[in-house]
Structure formats: C-alpha cells, structure tokens
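# Chains, contacts and geometry: an overview
These are the residues of each chain, in order.
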Amino acid sequence: MNIVETILTPILLNISQTDKWQRDFLIGLFKTLFSRQGRFNFENLTRYSKYNELTHRRQFSKYFDWFSLNKSFVDFNCGIHIGVIDCSFISKSGKKTFGIDKFWSGVASQAKYGLEISVLACINVTTGKATFLDATQTPSGLSKKEGTKYSRTDFYLEQILDCLKSLPTIIYYVTDGFYAKEKIVNGLTSNGKHLITKLLSDANLKYLNQKPRFKGQKGASRKYNGKVDFKRTVFQTFLSGYWWGLMKIFSFDNLYSKTLCR
C-alpha cells in the first residue's frame, strides 16, 4: 500500500489547514479502507488500523477540506471535464437525525421521508470516468416552492456557487430537468458557465415582445408576446442547430486533438 502514501503525501501537503498529525492519520485511514471490504465504523476500524477508536473520533471531528482533496484527483486526469449536479436520497428511519424531511426518491419515483445530499461531480468526456467533488446535506424545513425567502433551490445554487471559484476550467454543467430554473440558469451564466439540461413537461416559455412602441402609446410595453409553440419550425431549427453545435464541441475527435495535459 505504499502507492497510497506516494500519491496522497504531495496532495495533502498542498492542502492548507492540515498538520502532520492529520496527514499521517488520513494516509493510514485510506490504507485501511483500501485493504478491507464491507462497512466500517470507529470500532471495527481499530482492528485493522494502528489508531484506536478515540483517535478516529477526534480526527473525524476536525475540519478537513475534502473538496480540495477530490479536486486534486481531477487535476491528475488529462482531458476536458464537464460538471454534473444532482441530488441523492438516503433512506433513514427515526426522528432525531439532522435533516430528516420529505425528499424525492428517484428509485421509488415518489417523495419519501429520509435524508438528501446535493452532489457535485465532474466527468472526463474523453474517458467517460466520473470523479466525485462535493456533497452537502440538504437541511430540513426548506420550502420546495420558488419565491420564498430561502428555498431548496437557493440552497442548491449556494453550494454550486461556492465550488465554482475552484473550478475555472469547467464551463459546462449537466443536470436533469429539476434544475431548469431561472435562479440556477442565471447563477451559472453570470459566472461565465453554461447549463445543459432539459425542460420540464409543464415548462412555461414565452416569446419576448420585440415590437417597437408606436407614436402616442400610453403605459409600458408588453414584456411578452405569447407562449412558445414547440411545433413552430423556427424554434425547431434553432434547437437542431444548437444541439448540432454542442455535438461538434463535444465530439471525441475534436476533444482528443484539443486535450491539454496540465
């Protein structure tokens, strides 16, 4: 397991707010995790590790920048990466655990009581391999509806914006239809990023009113000029050209020729 120490030592040295005790503990922890299978807790880790249970509890209570550690593994991989954002539901019974609330479960296709984590990852488009970056637990009690003071959408967007400053090379982010919301789109585009997603079945798109004001018109001009008709030829032409442009950008031949290794 010397390869674990060889890889982790220079990475941990570059992460701020870590001392020698924490670096040695993390290297020993990963050696133990990679050499055994099954579930782990503080008690059974002591069977295979040189650290006792109290040491494990103390070290896990300390702050550690896991995002920087995960980002370092991404920097090792050559190629162009795209970001991926999604939520994951975790079944949990009981009433005392922090964050217990009703969240959407994709497996059950319904909302269930449990826990939820908002996950940010990246995918190397040349190899198809995904690398985990950050996971944040969704607090309970946040409103699901837009327009409230602080909703779940605001929480998801806050996590994304906190990570964007450390991901300057990732321009495109892929999500499912849930994230096709004005707040998230504007939050990414205002930071020079692009969101690739799909619209929900009840999406309400409207054409902007581009008619000039006529002489003597009173009051403000109409902001919109009717709802978008998805069957209109002009709109289909725009979409086909848009997706064709994306296909050219993300074609493997084009990526292979433009891939730069750090």
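Structure: above.
The sections below set out a description of the structure shown in this document. (Residues numbered from 1 in each chain as written. Predicted model: local features only at pLDDT ≥ 70, side-chain atom pairs only at ≥ 80, totals over all residues. Heavy atoms only, no water.)

## Focus on helix 6 (residues 152–164)
The terminal C-alpha atoms of helix 6 lie 19 Å apart, and with 13 residues this matches the ideal 18 Å at 1.5 Å per residue to within 8%. Of all the 13 residues making up helix 6, 10 are buried; the element is thus mostly covered by neighbouring parts of the structure. (Helix = DSSP H or I, 4+ residues; strand = E, 2+ residues; numbered from the N terminus. Expected span 1.5 Å × (residues − 1). Buried < 20%, exposed > 50% of the residue type's maximum accessible area, 1.4 Å probe, protein only.)

## Description of a nonpolar patch on the surface
On the surface, I3, I7, F73 and F76 cluster together into a nonpolar patch covering about 390 Å² of accessible area. Elements that contribute at least two residues to the nonpolar patch include exactly helix 1 (2–13) and helix 5 (66–76). Mapped onto the elements, I3 comes out in helix 1. (Patch = residues over 30% accessible without salt bridge, like charges linked within 9 Å, V, L, I, M, F, W, Y side chains within 5 Å. Areas by Shrake-Rupley, 256 points an atom, 1.4 Å probe, with all protein chains shown as cover. Salt bridge = Lys/Arg side-chain N within 4 Å of Asp/Glu carboxyl O.)

## Regarding the nonpolar core
By size, the foremost hydrophobic cluster in this structure holds 19 residues, and its most contacted members are I85, L120, L133, L167, Y173 and L188. Where this core is concerned, the elements lending two or more residues are helix 5, strand 3 (110–124), helix 6 and helix 7 (182–189). Top contributing element to this core by residue count: helix 6, with 5 residues. Each residue touching L120, except ones within four places of it in the same chain, is listed here: V84, I85, F132, L133, D134, Q159, C163, L167 and Y173. Core analysis: the next-biggest nonpolar cluster, separate from the first, contains 14 residues, V4, L26, I27 and F64 among them. (Core = buried A, V, L, I, M, F, W, Y, C linked by side-chain atoms within 4.5 Å. Contact = heavy atoms within 4.5 Å.)

## Things to note about the pairing of strand 3
In this sheet, strand 3 lies alongside strand 1 (residues 81–91) in antiparallel orientation, the contact comprising 11 bridges. Residue pairing across strands places F89 opposite E116, the latter belonging to strand 3. As paired strands, strand 2 (residues 101–105) and strand 3 are joined by 5 bridges and run antiparallel to one another. Bridge pairing in strand 3 links D101 to G114. When strand 3 meets strand 4 (residues 130–137), the two strands line up antiparallel, connected through 7 bridges. Looking at strand 4, one finds that S118 is bridged to T136. Taking the residues that link successive antiparallel strands as the turn, the strand 3-strand 4 hairpin has 5 residues, and the phi of G128 there is positive, at about 80 degrees. (Pairing = 2+ DSSP bridges.)

## Regarding the layout of surface pockets
Estimates place the volume of the second largest pocket at around 550 Å³. Lining the second largest pocket we find 24 residues, and of these C87, W104, S105, E116 and F178 sit closest to its centre. Among the elements of the structure, strand 1, strand 2, strand 3 and helix 6 are those that each provide at least two residues to the lining of the second largest pocket. Considering each element in turn, the lining of the second largest pocket owes the most residues, 5 residues, to strand 1. (1 Å grid on protein atoms, 1.4 Å probe; cavity = no way out; pocket = protein on both sides within 12 Å on 5 of 7 lines; lining within 4 Å. Points joined across faces, edges and corners; volume = space filled by probe spheres on them.)

## Side note on the packing of helix 6 against helix 7
As a packed pair, helix 6 and helix 7 sit with axes 10 Å apart at the nearest point and diverge in direction by 10 degrees. Judged on the interaxial angle alone, helix 7 and helix 6 are roughly parallel. The handedness of the crossing between helix 6 and helix 7 comes out as right-handed. On the side of helix 6, the interface is formed by T153, D154, L157, I160, L161 and L164, while helix 7 contributes K183, I184, G187 and L188. Of the residues belonging to the contact of helix 6 with helix 7, the class tally is 6 nonpolar, 2 polar and 2 charged. (Axes fitted to C-alpha atoms, helices over the stretch in contact; angles between N-to-C directions. Parallel < 35°, antiparallel > 145°, perpendicular 65-115°, else oblique. Left-handed = near helix turned anticlockwise from the far one by under 90°. Nonpolar A, V, L, I, M, F, W, Y, C, P; charged D, E, K, R; others polar.)

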